[in-house]
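# Fold and geometry: a report
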Amino acid sequence: MEKVMWGQFSWPEFVQILPNYLVVGMTALLIYMTVFQIKAARGDANRRAAFDYFIRETNNDEFRELREKVFRVVNSNKNSGDMLKQLPNDNPDMVAVRKYLNRQEAFAAGVLNGGLCEEYSKNLIGSRFVQDWKFFEPYVCEARSISGNDNTYGYFCELARKWSKEGVS
């Protein structure tokens, strides 16, 4: 075979190296497709995680009872911020309120950190979540001033404000 200089085209050499280029090209295409499928599977997993979370929470008697108790306590107080001043920390009603807010905080952290699908979560409970925040905001502000920690229920606050800006009421 005749040696070809740079810039000259040779069909025999082209035919000889074509399989190598095809293997490299197909490998790159398979890698791209695999990465794309992994990203799609992650999105599906997030949606499934959100769905599983909501099924567990809506079918969870403990959570329903906690929510009912919290809103009985809350409705008996004109201002949720005053609850801290009226009820001691070890009061069972205050323990229930903190437990409820901790669950909201954990949920918000899951959404904001990508563990739960945000769109699905927002569509399913967005308005209730934002309304809860609006009600509990004075309580959280009072808790922050007492503790000196501006991040108390920070995820709850951040997600509720974000969804409020996006039009969830």
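Scoring rules and cut-offs
- Residues numbered from 1 in each chain as written.
- Predicted model: local features only at pLDDT ≥ 70, side-chain atom pairs only at ≥ 80, totals over all residues.
- Heavy atoms only, no water.
- pLDDT = per-residue confidence, 0-100.
- Helix = DSSP H or I, 4+ residues; strand = E, 2+ residues; numbered from the N terminus.
- Core = buried A, V, L, I, M, F, W, Y, C linked by side-chain atoms within 4.5 Å.
- Buried < 20%, exposed > 50% of the residue type's maximum accessible area, 1.4 Å probe, protein only.
- Contact = heavy atoms within 4.5 Å.
- Polar contact = N/O pair within 3.5 Å; in protein donor to acceptor, adjacent residues only side chain to side chain.
- Phe/Tyr/Trp six-rings, centres within 6.5 Å; stacked < 30°, edge-to-face > 60°.
- Patch = residues over 30% accessible without salt bridge, like charges linked within 9 Å, V, L, I, M, F, W, Y side chains within 5 Å.
- Areas by Shrake-Rupley, 256 points an atom, 1.4 Å probe, with all protein chains shown as cover.
- Salt bridge = Lys/Arg side-chain N within 4 Å of Asp/Glu carboxyl O.
- Axes fitted to C-alpha atoms, helices over the stretch in contact; angles between N-to-C directions.
- Left-handed = near helix turned anticlockwise from the far one by under 90°.
- Nonpolar A, V, L, I, M, F, W, Y, C, P; charged D, E, K, R; others polar.
- Parallel < 35°, antiparallel > 145°, perpendicular 65-115°, else oblique.

### Points about the confidence of the model for the protein
Looking at the protein, pLDDT values average 82 and 88% of them are 70 or higher. Per-residue pLDDT, averaged within each element of the protein, yields its smallest value for helix α3 (residues 83-86) (65) and its largest for helix α6 (residues 154-165) (95).

### Structural notes on the nonpolar core
Ranked by internal contacts, the top residues of the largest apolar core, which has 33 residues, are Val70, Phe107, Phe129, Phe136, Tyr139 and Trp163. In this view, Trp163 contacts Phe107, Val111, Glu118, Ser121, Lys122, Gly126, Phe129, Val130 and Val168; residues no more than four positions away in its chain are not counted.

### So, the side chain of Thr152
By the secondary structure assignment, Thr152 is in the loop between α5 (118-147) and α6. Within the local environment of Thr152, its side chain forms a polar contact with the backbone oxygen of Asn149, the two atoms lying 3.1 Å apart. Those residues in contact with Thr152 that sit more than four places away from it in its chain are Val140, Ala143, Arg144 and Ser147.

### Examining the packing of aromatic side chains
The tally for this structure, following the rule as stated, stands at ten aromatic pairs. Aromatic pair Phe129 and Trp163: ring centres 5.5 Å apart, planes at 65°, arrangement edge-to-face. Of this pair, Phe129 sits in helix α5 while Trp163 sits in helix α6, and the two are 34 residues apart along the sequence. Where Trp133 meets Phe156, the ring centres are 5.1 Å apart and the plane angle is 75°; that geometry is what we call edge-to-face. Placement of the pair is Trp133 in helix α5 and Phe156 in helix α6, with a sequence separation of 23 residues. The same class applies to Trp133 as to Phe156, namely buried. Among the aromatic side chains, those forming a connected cluster through ring pairs are Phe63, Phe71, Tyr100, Phe135 and Phe136.

### Re a nonpolar patch on the surface
Together, Phe9, Trp11, Phe14, Val15, Leu18 and Leu22 give the surface a local cluster of nonpolar side chains, amounting to about 630 Å² of exposed area. Relative to the elements of secondary structure, Trp11 occurs in helix α1 (residues 11-58).

### Here we look at the pattern of salt bridges
Side chains bearing opposite charge may pair, as long as their charged atoms lie close to each other. Overall, the coordinates contain seven salt bridges when judged by the stated rule. Linking Arg161 and Glu137 is a salt bridge whose minimum nitrogen-to-oxygen distance equals 2.7 Å. Placement of Arg161 in helix α6 and of Glu137 in helix α5 is noted, with a sequence separation of 24 residues between them. For Arg161, a relative accessible area of 41% puts it in the partly exposed group. Shared partners join several salt bridges into a network, and the residues in it are Glu119, Lys122 and Glu166.

### Focus: the packing of helix α2 (residues 61-75) against α5
The N-to-C vectors of α2 and α5 enclose an angle of 35°; their axes lie 13 Å apart at closest approach. In this structure, α2 meets α5 at a crossing whose hand is left-handed. Of the residues in α5, those touching α2 at Phe63, Arg67, Val70, Phe71 and Val74 are Arg128, Asp132, Phe135 and Phe136. Grouping the constituent residues of the contact of α2 with α5 by class yields six nonpolar, no polar and three charged.

### A word on the environment of Phe129
Relative accessible area serves as the criterion here: at 0%, Phe129 is assigned to the buried category. Along the primary structure Phe129 and Ala108 are separated by 21 residues, whereas in three dimensions their C-alpha atoms are 9.3 Å apart. Ignoring any residue separated from it by four or fewer positions in sequence, one finds Phe129 in contact with Gln104, Phe107, Ala108, Phe156, Leu159, Ala160 and Trp163.

### Some points on the packing of helix α4 (residues 92-112) against α5
A packed helix pair is summarised by two numbers, namely the angle formed by the two axes and the spacing between the axes. Contact geometry for α4 and α5: axes closest at 11 Å, N-to-C directions at 140°. Here α5 runs oblique to α4, going by the angle between their axes. Seen from above, α4 lies across α5 with left-handed handedness. Here α4 contributes Met94, Val97, Arg98, Tyr100, Leu101, Gln104, Phe107, Ala108 and Val111 to the contact with α5, which in turn contributes Glu118, Ser121, Ile125, Arg128, Phe129, Asp132, Phe136 and Tyr139.

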